[in-house]
Amino acid sequence: MQVNIETEGSAAVCYLSGELDHHNAPAVREKIDEFSVGFCPQSMILDFGGVTFMDSSGIGLVMGRYKLLSAANCTLTVRNLSAHAYKVMRLAGLENIVTLKKCGEKGGKQHDKTEK
Amino acid sequence: MTKPKNEVKLQMESRSVNEGYARVAVSAFAAVLDPTVEEINDIRTAVSEAVTNCIVHAYRNGVGKIYIRVRLFDGGKVEIQIRDRGCGIADVKKAREPLFTTLGGDRSGLGFSVMESFCDRVRVRSAVGKGTTVTLVKNIKGRDEPCEP
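Each chain has its residues counted from 1, running along the sequence as written. Here chains are named by letter from A upward and ligands by number from 1 upward, in the order in which they appear as written. In keeping with the model being predicted, local features are shown solely for residues with a pLDDT of at least 70 and side-chain atom pairs are shown and tallied solely at 80 or more, while totals for entire chains, interfaces and linings include all residues. Excluded from the side-chain calculations are hydrogens and water; all other atoms, namely the structure's heavy atoms, are used.

### Overview of the sheet that holds strand E1 (residues 2–8) of chain A
All names here are of chain A.
Step number 1: Spatial ordering of the open sheet is given by E1-E2-E3-E4-E5, a layout of five strands whose pairing is mixed. Edge positions in the sheet fall to E1 and strand E5 (99–102), since each of these pairs with one other strand and no more. Each strand axis lies, on average, 20° off the axis of its neighbour in the sheet, ignoring direction.
Step number 2: For two strands to be treated as a pair, DSSP must find no fewer than two bridges joining them. The helix and strand labels rest on DSSP assignments: H or I over at least four residues marks a helix, E over at least two residues marks a strand, and numbering proceeds from the N terminus. Relative to strand E3 (residues 43–54), strand E2 (residues 11–20) runs parallel, the two sharing nine bridges. Across the sheet, residue Gly18 finds its bridge partner in E3, namely Val51.
Step number 3: Residue contacts are defined here by distance: any two heavy atoms, one from each residue, within 4.5 Å place the two residues in contact. For helices, the axis comes from a line fit to the C-alpha atoms of the stretch in contact; other axes are also lines fit to C-alpha atoms, and the angle between any two N-to-C directions lies between 0 and 180 degrees. Sheet contacts for helix H1 (residues 25–39): E1, E2 and E3; angle to E1, the most-contacted strand, approximately 20°.

Right under this line is the structure:
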């Protein structure tokens, strides 16, 4: 599981890739939180374009980041979700607290940026 | 009780690194039923939840064995049994409630909810101090549409 973080002004995009499960989630969480504390972004996007598998650990990751970031007045968007990851997140009702964008949805498709 | 047409048994240590192996092994075995991508993802996800429960709950204080049995039946039925000899669940009904978790942090408490919505049937048998058996049943409808020439 990899996380690449890019910033533009006060906005941050975290590109996640690999399999997001209970084994991999802690390292992803630590990397994002460590960055957030130091950088204090005003908006954050979690880009799931490279995520090949996700179980409820992904829900926990998004919920946890939402709590931390909203307390710091930072908005959170999750984009490039596969049909499967979207289904898992909808199960938790995450669409009610964060903006969820499926793969190919407007404002979603940008993960070729990781190749830069 | 109909006889399964094929069966496999796996045994592994309750190490989180094995979560990936467990879900891939089970879904690979079920692949002969020609499931859709969605059905394969449903199986992988449900197995991942059940195995994670063994690791974070059943064997919370150490490493134990996880026993998985997968059976394939005629008509596309897959039955996956995930068994541990861990601490057991005192109140299964409560444990299955959405958002209920005994752990803090980033655990969402949705493990059983995911299993229930991604499988056709989920059975949980547990005895405190003896262990838990989770049985997942998924009916594979498969890819009906004819292949493009």
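### Brief notes about the environment of A:Cys40
Step number 1: For A:Cys40, the position within the fold is in the loop between H1 and E3.
Step number 2: Once the C-alpha coordinates of A:Cys40 and A:Leu69 are considered, the two residues, 29 residues apart in sequence, prove to be 8.8 Å apart.

### Comments concerning unusual backbone geometry
Residues and elements named next belong to chain A.
Step number 1: One non-glycine residue, Asn73, lies in positive phi territory at about 60°.
Step number 2: Mapped onto the fold, Asn73 is located in the loop between helix H2 (56–71) and strand E4 (75–81).
Step number 3: A positive phi angle is found at Asn80, which is not glycine, with a value near 60°.
Step number 4: If you trace the backbone, Asn80 turns up in strand E4.

### Some thoughts on the packing of helix H2 (residues 37–58) of chain B against helix H4 (residues 111–118) of chain B
Residues and elements named next belong to chain B.
Step number 1: Where H2 meets H4, the closest approach of the two axes is 9 Å, and the angle between their N-to-C directions is 150°. In terms of orientation, H2 and H4 fall into the roughly antiparallel class. Of the two elements, H2 crosses H4, and the hand of that crossing is left-handed. Only Gly111, Phe112, Val114, Met115 and Phe118 of H4 make contact with H2, whose side of the interface consists of Asp42, Thr45, Ala46, Glu49, Ala50 and Asn53.
Step number 2: Side-chain classes follow a simple rule in which Ala, Val, Leu, Ile, Met, Phe, Trp, Tyr, Cys and Pro form the nonpolar group, Asp, Glu, Lys and Arg form the charged group, and the remainder, Gly included, forms the polar group. Grouping the amino acids of the contact of H2 with H4 by side-chain chemistry returns six nonpolar, three polar and two charged. Angles are sorted into four bins: roughly parallel if under 35 degrees, roughly antiparallel if over 145, roughly perpendicular if 65 to 115, and oblique for all others. Helix crossings get a hand from a simple test, with the near helix turned counterclockwise from the far one by less than a right angle marking a left-handed crossing and a clockwise turn marking a right-handed one.

### Description of the interface of chain A and chain B
Step number 1: Contact residues are listed per partner, giving 21 residues for chain A and 24 residues for chain B.
Step number 2: Defined here as a combined quantity, buried area equals the accessible surface (1.4 Å probe) lost by two parts on assembly, summed across both. Surface buried jointly by chain A and chain B totals about 1800 Å² across both partners, of which 54% is contributed by carbon and sulfur atoms.
Step number 3: Counting the surface chain A buries against chain B, the share from its top three residues, A:His22, A:Lys87 and A:Leu91, is 31%.
Step number 4: Think of a salt bridge as a Lys or Arg side-chain nitrogen and an Asp or Glu carboxyl oxygen that are within 4 Å of each other. Our count for the contact surface shared by chain A and chain B stands at five salt bridges.
Step number 5: We note a salt bridge from B:Glu38 to A:Lys87, for which the minimum N-O separation is 2.9 Å.
Step number 6: Polar contact criterion, stated in full: a pair of N or O atoms within 3.5 Å, where within protein one must be able to donate a hydrogen and the other to accept it, and residues adjacent in sequence count only if both atoms are side-chain atoms. Counting every contact that joins chain A to chain B gives 12 residue pairs in polar contact (both at pLDDT 80 or more).
Step number 7: Secondary-structure elements contributing two or more residues to the side of chain A that touches chain B are E3, H2 and helix H3 (83–91) of chain A.

So, to be careful, I would describe these as geometric facts and stop short of saying anything about function.
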